[in-house]
Amino acid sequence: MRQNSKHLILGASGQIGSVLTTELRKKYGASAVIASDIKIPKKESSQMGLFVQIDATSYDALQNVVQKYNVSTVYLMAAMLSANAENYPSKAWDLNMSSLFNVLNLAKDGFIKYVFWPSSIAVFGPSSPKINVPQSTIMEPTTVYGISKLSGERWCAYYNKKYGIDVRSLRFPGLIGWQSSPGGGTTDYAVDIFYKAVAHQPFECFLAENTALPMMYMDDAIRAVIELMETDSKKIKVRSSYNLGALSFTPKTLYESLLPLFPNFEIKYTPDFRQEIAESWPESIDDSSARNDWDWQPQFDLKRMVDDMCYNLRNK
């Protein structure tokens, strides 16, 4: 479906965007995938393909790049994550919403055909169900990040209904990957803990030991994006954002899963302001809509994820 398309990744230097860029280039070829970010990466991400510096909050800048390189598909990965957004609410809202409007309007104006935009479990709030939260339910987020993501979901659905824009989205759980360092999210303890374990350093966890949250290995998350974007549009029934599930565990469970590999690994729990954010989110996800509509299936369980993370970090 996208073999002859040009793909533009906005926020290609981020936690998800960097991995997505690599995988899209493997699949479609380096010349078909343009990486972009507001900052030029220290380690040049254009080694395997083109990198363009873009401010995603500038419509004109986006339009120029889209037209210059004949882009048909945009992946909007640029965003300010949950913990950082609480410290800079106005900046977070401006980045998260202005960039989305720009991309949706590029599609409305006929410059691009397909849009991917990531949502998050942050759209849920204390009034949402905690266990197996369904696709459609009460959503009253209490964080800046969650408010922006819920607003974005409604705008995606609106642009699809009113203008016929082919926009697709996933509500990501916490993502765990070895390719990049933690990026300011509430679930990033589950990335940092691996770095500390492999370095034989003690770990100070900013969440309480029994705080259960939905999680997913980065490999599954990237595969989900690609599979969703390659699905026939007639099968896409949710135009706000699909629930996406894989794993659910607590910091204590993750710590104990590392002990067989690192018997002397030590952990200390010192919950901070992110604990309140985590407690407003669900513990597990019902992603039956994604499974039914486009055959979503995660491949990594906890053990396989732990083994793969440790293997890759040791060799990084």
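That block above? That's the structure.
Source: prediction; values computed, not measured.

> Account for the environment of L50, with residues named and values stated.
Looking at the element boundaries, L50 is found in the loop between strand 2 (33-37) and strand 3 (51-53). Put simply, L50 and S36 are 14 residues apart on the chain and 8.5 Å apart in space, counted from C-alpha to C-alpha.

> I'd like a description of the packing of helix 1 (residues 15-28) against helix 7 (residues 218-230), backed by residues and values.
Viewed as axis vectors pointing N to C, helix 1 and helix 7 meet at an angle of 55°, and their least axial separation amounts to 10 Å. Overall, the two elements helix 1 and helix 7 adopt an arrangement that is oblique. Crossing hand, helix 1 versus helix 7: right-handed. Facing helix 1, whose interface residues are Q15, I16, V19, L20, E23, L24, K27 and Y28, helix 7 presents M218, I222, V225, I226 and E230.

> Please set out the pairing of strand 9 (residues 213-217) residue by residue, giving values where relevant.
With respect to burial, strand 9 is a largely interior element, five of its five residues being buried. Sheet topology note: the strand 7 (residues 174-176)/strand 9 ladder contains three bridges and is parallel. By the bridge assignment for strand 9, I176 is matched with Y217. Sheet topology note: the strand 9/strand 11 (residues 247-249) ladder contains three bridges and is antiparallel. Across the sheet, the residue bridging to P214 is S248, located in strand 11.

> Tell me about the side chain of R223, and please be specific about residues and values.
Tracing the sequence through the fold places R223 in helix 7. At 2.7 Å, the side chain of R223 forms a polar contact with the backbone oxygen of Q297. R223 has contacts with W296, Q297, P298 and Q299, leaving out every residue within four places of it along the chain.

> I'd love a proper account of the pairing of strand 1 (residues 7-10), names of residues and values included.
Here is the key point about a regular strand: its side chains alternate between the two faces of the sheet. Burial along strand 1 is two-sided: the residues H7 and I9 and L8 and L10 are all buried. As defined by bridge partners, strand 1 adjoins strand 4 (residues 73-76) across four bridges and the pair is classed as parallel. Along strand 4, the bridge assignment pairs L8 with V74.

> Which residues make up helix 8 (residues 251-258), and what values do they have?
Regarding helix 8, the residues found buried are P251, L254, Y255 and L258. Seen from one end, helix 8 has its buried residues packed into an arc of 100°, which puts them on one side. Residues of helix 8 that are buried make contact with helix 6 (189-198), strand 8 (203-205), strand 11, strand 12 (267-269) and helix 11 (302-315).

> Account for the sheet that holds strand 11, naming residues and giving values.
Pairing in this open sheet of three strands is mixed, and the strands run 7-9-11 from one edge to the other. Of all strands in the sheet, those with a lone pairing partner are strand 7 and strand 11, marking the two edges. Sheet twist, expressed as the mean angle between neighbouring strand axes with direction ignored, is 40°.

> So what's going on with the nonpolar core? Which residues, and what values?
In a soluble, globular protein the nonpolar side chains are often hidden away together inside. In terms of nonpolar packing, the biggest core is built from 45 residues, with I176, Y189, F194 and M305 touching the most fellow members. Breaking this core down by element, the ones donating at least two residues are helix 5 (144-163), helix 6, strand 8, strand 9, strand 11, helix 8, helix 9 (274-279) and helix 11. Counting residues per element, this core draws most heavily on helix 6, which supplies seven residues. Every residue in contact with F194, bar those within four places of it in the chain, is listed here: I176, L254, L258, M305, V306, M309, C310 and L313. Counting 34 residues, the second largest nonpolar core, distinct from the first, contains A12, Y75, M77 and M229.

> I'd like a rundown of the sheet that holds strand 3, residues and numbers included.
On the basis of which strands lie adjacent, the open sheet formed by seven strands has the order 3-2-1-4-5-6-10 and parallel pairing. Single-partner strands in this sheet number two, and they are strand 3 and strand 10 (242-243). Sheet analysis places strand 4 next to strand 5 (residues 114-120), joined by three bridges and oriented parallel. In the strand pairing of strand 5, V74 is matched with V115. Sheet strands touched by helix 5: strand 5 and strand 6 (166-172). Its angle to strand 5, the strand with the most contacts, is close to 150°.

> I'd like to hear about a nonpolar patch on the surface, residue by residue, with values.
Together, W155, Y158 and Y163 give the surface a local cluster of nonpolar side chains, amounting to about 290 Å² of exposed area. Relative to the helices and strands, Y163 resides in helix 5.

Analysis parameters
Residues numbered from 1 in each chain as written. Predicted model: local features only at pLDDT ≥ 70, side-chain atom pairs only at ≥ 80, totals over all residues. Heavy atoms only, no water. Helix = DSSP H or I, 4+ residues; strand = E, 2+ residues; numbered from the N terminus. Axes fitted to C-alpha atoms, helices over the stretch in contact; angles between N-to-C directions. Parallel < 35°, antiparallel > 145°, perpendicular 65-115°, else oblique. Left-handed = near helix turned anticlockwise from the far one by under 90°. Contact = heavy atoms within 4.5 Å. Buried < 20%, exposed > 50% of the residue type's maximum accessible area, 1.4 Å probe, protein only. Pairing = 2+ DSSP bridges. Polar contact = N/O pair within 3.5 Å; in protein donor to acceptor, adjacent residues only side chain to side chain. Arc of directions from axis to C-beta. Core = buried A, V, L, I, M, F, W, Y, C linked by side-chain atoms within 4.5 Å. Patch = residues over 30% accessible without salt bridge, like charges linked within 9 Å, V, L, I, M, F, W, Y side chains within 5 Å. Areas by Shrake-Rupley, 256 points an atom, 1.4 Å probe, with all protein chains shown as cover. Salt bridge = Lys/Arg side-chain N within 4 Å of Asp/Glu carboxyl O.

In short, shape yes, function no, at least from these values alone.
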